[in-house]
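Below are the chains, spelled out letter by letter.
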Amino acid sequence: MKELVERLHPICRSMTGDGVRRTLAIIAETIPLELHEVPTGTRVLDWVVPQEWNITDAYVKDATGRRVIDFARSPLHVVGNSVPVSATMTLEELRPRLHTLPAQPDLVPYRTGYFKKDWGFCLSENALRELPEGEYEVRIDSTLADGHLTYGEHVVRGRTGEEVLISCHTCHPALANETLAGIAVAIELASRLAGRRPRLTYRFLFAPAALGAITWLADNRDTIGRITHGLVLACAGDPGRLTYKRSRRGDALIDRAAAHVLSTREHEVRDFVPFGYDERHFCSPGFNLPVGRLTRTPDGEFPEYHTSADDPSFVTQEAMEHTLAAVEEIVQVLEEERRYLNLEPYGEPWLGPRGLYGSPDIDQMAILWVLNLSDGEHSLLDIAVRSGIPFAGVSAAASALAKAGLLKEEGHVDRVQGGGPG
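One structure accompanies this document, and this report is about it. (Residues numbered from 1 in each chain as written. Predicted model: local features only at pLDDT ≥ 70, side-chain atom pairs only at ≥ 80, totals over all residues. Heavy atoms only, no water.)

**Some details on empty space enclosed by the protein**
Overall, the coordinates contain one cavity of 30 Å³ or more when judged by the stated rule. In terms of lining residues, the largest cavity is bounded by 14 residues, among which Arg13, Val78, Gly80, Tyr110 and Pro173 are the most central. Here the lining of the largest cavity is built from residues that sort into nine nonpolar, three polar and two charged. (1 Å grid on protein atoms, 1.4 Å probe; cavity = no way out; pocket = protein on both sides within 12 Å on 5 of 7 lines; lining within 4 Å. Points joined across faces, edges and corners; volume = space filled by probe spheres on them. Nonpolar A, V, L, I, M, F, W, Y, C, P; charged D, E, K, R; others polar.)

Next up, the structure:
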């Protein structure tokens, strides 16, 4: 995961263009992707796919010919979607086009100008202060032309058609934690699921933020009801605690599963707000999909956010593994959540002859809790939450009890009443 973050970091990505396609091609080296190219001008819900932006070089040169701002050093040095420029300007004329972070004078900000025919450069405040008055050569070799918005999907087929959506954005350049760590975690999860035979089908979406998700929703409007759970992954590699943002529904299984899994870790659970990453589009009222969001430190709440400090050194393998472990436990809940009925509900059954008393492989309290609450009304997750026992222990106890003939499975629990696509 760490190596992938380092490899993807230098690529200049935007809402459209070759940077996104190059990123998807690297992802496809590990997991196969189905690519979708949506042409410029295509109506996607209330939006229209814009022209495609590509860039080959950009710089500002001083009177000696030295590049004082250089796209080749980092894609952050150019405002995303900048139009072509070739000019000679004084520093006074150029200054309104230069973006810095005065409160973080050593860092270069990330700026973009989607849907604007404009241009600009980003640099550190300290670098700006060192620029002498005089004339500068300004050049941006970019194109805005009819093309495509590109996104990729990877599907791990399960035994049922019920789908779990795992979504990551692929558009931001040189932001290791905010963008790339989530992609790395998703790819590793997909690779691990490929070696199993899951009950649910897992659909991994790698798309530009906002318009990419909107385009995917437009393309899949007629079949969106197959999504029974979903998770947006971002900011997955920083040293902060895990943070889960509930879906719009608030009580979907994904919300309850995430809250339970995170309860054994340093964490925070937040209610849904219609702002943030692509969860706000998946949770728009017409679709109302059960999609939550998992991050470590949320967007905008770490000082490195949208700056040059969000580089691969800020991301750790340990943090991504910690995020991945939490996602895998959430997946386990989604896979194994079900209800049982106790077939010996009058008094506690005799466990010893069945090999269920004092077994070192099964949590004894989990056995007792499962027997007591398996009344056809309480699910395994209900039992785990009420007992304080991890879901894995409760599920193992239920399997052992069912094998011993003490429980009857009533069925899986995939949906929450009251919500659904409009």
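**Side note on the sheet that holds strand S14 (residues 242-245)**
Taken together, the eight strands give an open sheet; going across it, the order is S1-S10-S12-S11-S13-S16-S14-S15, and neighbouring strands pair in mixed fashion. At either margin of the open sheet sits one strand with a lone partner, and together these are strand S1 (34-39) and strand S15 (267-270). Across this sheet, the average inter-strand angle for adjacent strands is 20°, counted without regard to direction. Where S14 meets strand S16 (residues 291-295), three bridges bridge the pair, whose relative direction is antiparallel. The partner of Lys245 across the bridge, within S16, is Arg293. Across the face of the sheet, helix H2 (residues 18-27) comes into contact with S1, strand S10 (148-156) and strand S12 (201-207) while running at roughly 15° to S10. Along the sheet, helix H6 (residues 211-219) makes contact with S1, S10, strand S11 (163-169), S12 and strand S13 (227-233), crossing S10 at roughly 65°. (Pairing = 2+ DSSP bridges. Helix = DSSP H or I, 4+ residues; strand = E, 2+ residues; numbered from the N terminus. Axes fitted to C-alpha atoms, helices over the stretch in contact; angles between N-to-C directions. Contact = heavy atoms within 4.5 Å.)

**Let's talk about the sheet that holds strand S19 (residues 407-412)**
Across the sheet, which stays open at both edges, the three strands sit in the order S18-S17-S19 with antiparallel pairing between neighbours. Strands at the two margins of the open sheet, each flanked by one partner only, are strand S18 (375-379) and S19. The sheet shows a mean angle of 30° between the axes of neighbouring strands, taken without regard to direction. Relative to S19, strand S17 (residues 338-342) is paired through five bridges, and the arrangement is antiparallel. Within S19, the position partnered with Arg339 by the bridge is Gly411. With respect to the sheet, helix H11 (residues 380-387) is in contact with S17 and S18, its orientation differing from that of S18 by roughly 65°.

**Things to note about the pattern of salt bridges**
Evaluated as defined, the whole model comprises 28 salt bridges. Between Arg21 and Glu52 there is a salt bridge, with the nearest N and O atoms lying 2.3 Å from each other. In this pair, Arg21 sits in helix H2 while Glu52 sits in strand S4 (residues 52-61), placing the two residues 31 residues apart along the sequence. By relative accessible area, Glu52 is classed as buried at 8%. The salt bridge partner of Arg139 is Asp141, with a shortest N-O separation of 2.7 Å. Under the relative-accessibility criterion, Arg139 is labelled partly exposed at 31%. Shared partners join several salt bridges into a network, and the residues in it are Asp18, Arg21, Glu37 and Glu52. (Salt bridge = Lys/Arg side-chain N within 4 Å of Asp/Glu carboxyl O. Buried < 20%, exposed > 50% of the residue type's maximum accessible area, 1.4 Å probe, protein only.)

**Some thoughts on helix H10 (residues 364-373)**
Listing the buried residues of H10 in full gives Ala366, Ile367, Val370, Leu371 and Leu373. Where H10 is buried, its residues contact S17, S18, H11, helix H12 (391-403) and S19. Where H10 begins, the capping side chain belongs to Asp363, and its oxygen is found 2.9 Å from the backbone nitrogen of Met365. (Polar contact = N/O pair within 3.5 Å; in protein donor to acceptor, adjacent residues only side chain to side chain.)

**What about the layout of surface pockets?**
The probe, sized like a water molecule, is rolled over the atoms to show the empty space still left. One number sums up the size of the largest pocket: a volume of about 390 Å³. In terms of lining, the largest pocket is formed by 22 residues, of which the most central are His172, Ala209, Ala210, Gly276 and Arg280. When the residues that make up the lining of the largest pocket are grouped by side-chain class, the tally is 13 nonpolar, five polar and four charged. Its volume calculated, the second largest pocket comes out at about 280 Å³. If you go around the second largest pocket, you meet 19 residues; those closest to its centre are Ile11, Cys12, Gly19, Ile55 and Phe71. Where the lining of the second largest pocket is concerned, the elements lending two or more residues are H2 and S4. A breakdown of the residues in the lining of the second largest pocket according to their chemical character gives nine nonpolar, seven polar and three charged.

**Observations concerning the packing of aromatic side chains**
Any two aromatic rings considered together are summarised by their centre-to-centre distance and by the angle between their planes. As enumerated under the stated definition, the model contains five aromatic pairs in all. With a centroid separation of 5.6 Å and an interplanar angle of 85°, the aromatic rings of Phe302 and Tyr305 are classed as edge-to-face. Members of the aromatic cluster, joined through ring pairs, are Phe302, Tyr305 and Phe314. Between Lys61 and the ring centre of Tyr59, over which it is positioned, the NZ or CZ distance is 4.8 Å. (Phe/Tyr/Trp six-rings, centres within 6.5 Å; stacked < 30°, edge-to-face > 60°. Lys NZ or Arg CZ within 6 Å of the ring centre and 35° of its normal.)

**Considerations on the pairing of S13**
With respect to burial, S13 is a largely interior element, seven of its seven residues being buried. Here S11 runs beside S13; their pairing, made up of five bridges, is parallel. In the sheet register, Ser167 faces S13, and the bridge partner there is Val232. When S13 meets S16, the two strands line up parallel, connected through four bridges. Residue Val232 lies in a different strand from S16, and its bridge partner there is Arg293.

So, to be careful, I would describe these as geometric facts and stop short of saying anything about function.
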